[in-house]
Amino acid sequence: MSKYSFSLLLFLLSFSCIAQDQDSLAVPAKASAPAAAHPKQLRFSFDVARILMNRLSEQKSSYEGGLDYYLKNETYFTAEFGSGNSVIDYPDLKYKSNNIFVRAGIDKSLFERRYPQDWGMGFIGFRYAVGMINRNEAAYTTNDGLGGITSGITPAHRFTAHWFELTGGMRVELFKNTFAGWNVRFKFLLNQKAMGELKPAYIAGYGAGEKGTAFDYNFYLAFALRWSAKH
Amino acid sequence: MAKAKCHSILAGLCWSVAAVWFAACNTAVRNPCLEPTVPKLNVGCYQYRAGAVTDTLLPNAVFVSLDIDSARYWYYGADKINKFALVLSPRRDTARWLLQADSGFSQMDTITFIYERKLKFYSNACGYGYDFLLSRVLSSRNNLDSVTIFTKEVSTKAGIENVKIFF
């Protein structure tokens, strides 16, 4: 536990470093870009934490990526997508499931940029997400309390899940056009009944299918394309 | 500028450590099953005396399941109890139980429960189980007077009495 706490301290320490970094780079806005130029940015992100989690878990794997586009007034349109699968192999319950998902929403930076090239941000936002889920046949066994075992198979089930997310996070430009950052997400499943009786233990992009709400996080590496549009 | 780059590298390192930390904490294992998955058929024993129904504490009760390979004692010498929790088999549509109110001397009775089965999914942690719906109860009348169904649904819900046995 202590090593985890130490890691968390290091993590939090990084924010103070970032703040100092930005302070040291602060340049008056008038000195850098012409007033008529409107900065544009398209940023591609990939969740690297999923790769680590895939290595550590035998039950589930998933991949997530996304892109965000700067609109105006420190507001970004965001689209995210991914896929994943899970393998449940318990003594009394065995099935596989897989799904793809798409999320779309808006991120709003909480801080004004200190100079035109300042693309780092702390933000909040929301997402609407749709996932297409396919659960294969499930094999089960039950114990009747008298030592008897019954077994059977329940049919496969396909369905579409909808959920809503509130999110927040940070993006820090570590090197030119290269970002690292994280998101935390609070998710609210909108149509849990559509999953049927046997709800998948894991839905990529959402989490545990049995729960109506979920908490999740992402650690992103991102690369940005930038240009200026003159009006 | 060198200081700023140093800070960026440090932030990247800390971010990587945090990513590993969160990933390590999120490896899925099966959650423990914290709910009962074997439904109990709850039986209460009563006497009809002077126009009123009263609880009857059996002095030395024996309940034996007859529907497995050999007779299985479920209660043996249960003293001064009038509530018993039995089980039904999901492999059959009937379950027979032998009841002896006092193992010292009273006669034995056989109670046969006839029921429907319904598969039920509890959770990924607990898996599947069965609920039952009682349709009939048959019994011999060597020592007991009658048997009636009070609640048809046999499930894992607590505080429900399914069958009343009158002596």
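Everything numeric here is computed off the predicted structure, so don't read it as measured data.

Asker: Just to check I follow, could you spell out the pairing of strand β11 (residues 163-166) of chain B for this structure?
Answerer: Every other side chain in a regular strand lies on the same face of the sheet, so the side chains alternate between the two faces. Residue and element names in this part refer to chain B. Residues Val163 and Ile165 of β11 are buried on one face, and the alternating residues Lys164 and Phe166, pointing to the opposite face, are buried as well. Of the pairings in the sheet, the one linking strand β1 (residues 41-49) to β11 comprises 4 bridges and is parallel in character. Following the sheet pairing, Cys45 is matched in β11 by Ile165. The pairing of strand β9 (residues 146-149) with β11 spans 4 bridges and is classified as antiparallel. Paired with Ile149 across the strands is Val163, a residue of β11.

Asker: Is there a simple way to think about unusual backbone geometry in this case?
Answerer: Among all residues save glycine, negative phi is the norm, and among peptide bonds the norm is trans. Residue and element names in this part refer to chain A. Although it is not a glycine, Glu74 sits at a positive phi angle of roughly 60°. One can find Glu74 in the loop between β2 (60-72) and β3 (75-90). Within the chain, Asn177 stands out as a residue other than glycine whose phi angle is a positive 70°. Mapped onto the elements, Asn177 comes out in the loop between β8 (157-175) and β9 (178-189).

Asker: Please clarify how the side chain of A:Arg127 should be interpreted in this entry.
Answerer: Considering the arrangement of structural elements, one finds A:Arg127 in strand β5 (residues 121-135). One polar contact links A:Arg127 to A:Glu80, side chain to side chain, over a distance of 3.2 Å.

Asker: It is not clear to me how the packing of aromatic side chains should be interpreted in this structure. Could you clarify?
Answerer: Two descriptors summarise a pair of aromatic rings, namely the distance from one centre to the other and the angle between the planes of the rings. Scanning all chains against the criterion turns up 16 aromatic pairs over all chains. Geometrically, the ring pair formed by B:Tyr46 and B:Phe166 is tilted, given 6.0 Å between the ring centres and 40° between the ring planes. One end of the pair, B:Tyr46, is in strand β1; the other, B:Phe166, is in strand β11, and 120 residues separate them in sequence. Measuring from centroid to centroid gives 5.0 Å for B:Tyr75 and B:Phe84, while their planes differ by 85°, and the two rings are edge-to-face. What links up through ring pairs into an aromatic cluster is the set A:Tyr70, A:Tyr76 and A:Trp119. Sitting above the plane of the A:Phe179 ring, A:Arg43 keeps its charged end 4.6 Å from the centroid.

Asker: Is there a simple way to think about a nonpolar patch on the surface in this case?
Answerer: Residues A:Phe126, A:Leu166, A:Phe186, A:Phe188 and A:Phe215 make up a contiguous nonpolar surface patch of about 480 Å² in total accessible area. Structurally, A:Phe126 is set in strand β5.

Asker: What exactly am I supposed to notice about the pairing of strand β6 (residues 94-100) of chain B here?
Answerer: Residue and element names in this part refer to chain B. With respect to burial, β6 is a largely interior element, 5 of its 7 residues being buried. When strand β3 (residues 61-65) meets β6, the two strands line up antiparallel, connected through 4 bridges. Each bridged residue has a counterpart across the sheet, and for Ser65 the counterpart in β6 is Trp97. The sheet contact formed by β6 and strand β7 (residues 108-123) spans 7 bridges and is antiparallel. Within the sheet, the bridge partner assigned to Leu99 lies in β7 and is Asp109.

Asker: Even after reading the chapter, I still don't get the state of the cysteines, so can you show me in this structure?
Answerer: Joining two cysteines, a disulfide is a covalent bond between their sulfur atoms. Residues and elements named next belong to chain B. Per the counting criterion, the structure on display carries 1 disulfide over all chains. Linked covalently through their sulfurs, Cys33 and Cys126 form a disulfide whose S-S length is 1.9 Å. In this structure, the disulfide formed by Cys33 and Cys126 twists by about 105° around the S-S bond and is classed as right-handed. Placement of the pair is Cys33 in the loop between α1 (2-25) and β1 and Cys126 in the loop between β7 and β8 (127-139), with a sequence separation of 93 residues. Overall, Cys126 belongs to the buried group, its relative accessible area being 9%.

Asker: Before we go on, may I ask you to explain helix α2 (residues 49-56) of chain A in this structure?
Answerer: Owing to its 3.6 residues per turn, the α-helix brings residues three or four apart onto one side. Of all the positions in α2(A), only A:Ala49, A:Arg50, A:Met53 and A:Asn54 are classed as buried. Seen along its axis, α2(A) keeps its buried residues to an arc of 135°; they face one direction.

Asker: Got a minute to help me understand the environment of A:Phe164 in this structure?
Answerer: Residue and element names in this part refer to chain A. Checked against the element boundaries, Phe164 lands in strand β8. Given the relative accessible area of 29%, Phe164 is considered partly exposed. Placed 38 residues apart in sequence, Phe164 and Phe126 show a C-alpha to C-alpha distance of 7.4 Å.

Asker: Could you clarify how one ought to interpret the nonpolar core in this entry?
Answerer: Across soluble globular proteins, nonpolar side chains have a tendency to be buried as a group. Residue and element names in this part refer to chain B. Counting 36 residues, the largest nonpolar core has Leu41, Leu88, Phe113, Val163 and Ile165 as its most contacted members. Among the elements that line this core, the one with the most residues is β8, at 5 residues. Here Phe113 is in contact with Leu41, Leu86, Leu88, Asp93, Thr94, Ala95, Trp97, Leu134, Arg136, Val137 and Val163, once residues within four sequence places are set aside.

Asker: Teacher, can you tell me more about the confidence of the model for chain B here?
Answerer: Detailed reading of the predicted model is not advised wherever pLDDT is low. Here chain B averages 83 in pLDDT, and 84% of its residues register 70 or above. Within chain B, the element-level pLDDT minimum falls on α1(B), averaging 64, and the maximum on strand β10 (residues 153-154) of chain B, averaging 94.

Asker: I keep staring at the sheet that holds β3(B) and nothing clicks. Help me out?
Answerer: Sheets are built from strands paired through backbone hydrogen bonds, the pairs being either parallel or antiparallel. Read across the sheet, 6 strands follow the order β4-β3-β6-β7-β8-β10 (chain B) without closing on themselves; strand pairing throughout is antiparallel. Both edges of this open sheet fall to β4 (72-78) and β10 of chain B, since each of them pairs with a single strand only.

Asker: Is there a simple way to explain the environment of A:Phe77 in this structure?
Answerer: Residues and elements named next belong to chain A. Locating Phe77 in the fold gives a position in strand β3. In this structure the C-alpha to C-alpha distance between Phe77 and Leu42, which are 35 residues apart in sequence, comes to 9.7 Å. When neighbours within four sequence positions are excluded, Phe77 is seen to be in contact with Leu67, Asp68, Tyr69, Leu71, Ala104, Gly105 and Ile106.

Conventions used here
- Residues numbered from 1 in each chain as written.
- Chains lettered and ligands numbered in written order.
- Predicted model: local features only at pLDDT ≥ 70, side-chain atom pairs only at ≥ 80, totals over all residues.
- Heavy atoms only, no water.
- Buried < 20%, exposed > 50% of the residue type's maximum accessible area, 1.4 Å probe, protein only.
- Helix = DSSP H or I, 4+ residues; strand = E, 2+ residues; numbered from the N terminus.
- Pairing = 2+ DSSP bridges.
- Polar contact = N/O pair within 3.5 Å; in protein donor to acceptor, adjacent residues only side chain to side chain.
- Phe/Tyr/Trp six-rings, centres within 6.5 Å; stacked < 30°, edge-to-face > 60°.
- Lys NZ or Arg CZ within 6 Å of the ring centre and 35° of its normal.
- Patch = residues over 30% accessible without salt bridge, like charges linked within 9 Å, V, L, I, M, F, W, Y side chains within 5 Å.
- Areas by Shrake-Rupley, 256 points an atom, 1.4 Å probe, with all protein chains shown as cover.
- Salt bridge = Lys/Arg side-chain N within 4 Å of Asp/Glu carboxyl O.
- Disulfide = S-S within 2.5 Å.
- Arc of directions from axis to C-beta.
- Core = buried A, V, L, I, M, F, W, Y, C linked by side-chain atoms within 4.5 Å.
- Contact = heavy atoms within 4.5 Å.
- pLDDT = per-residue confidence, 0-100.

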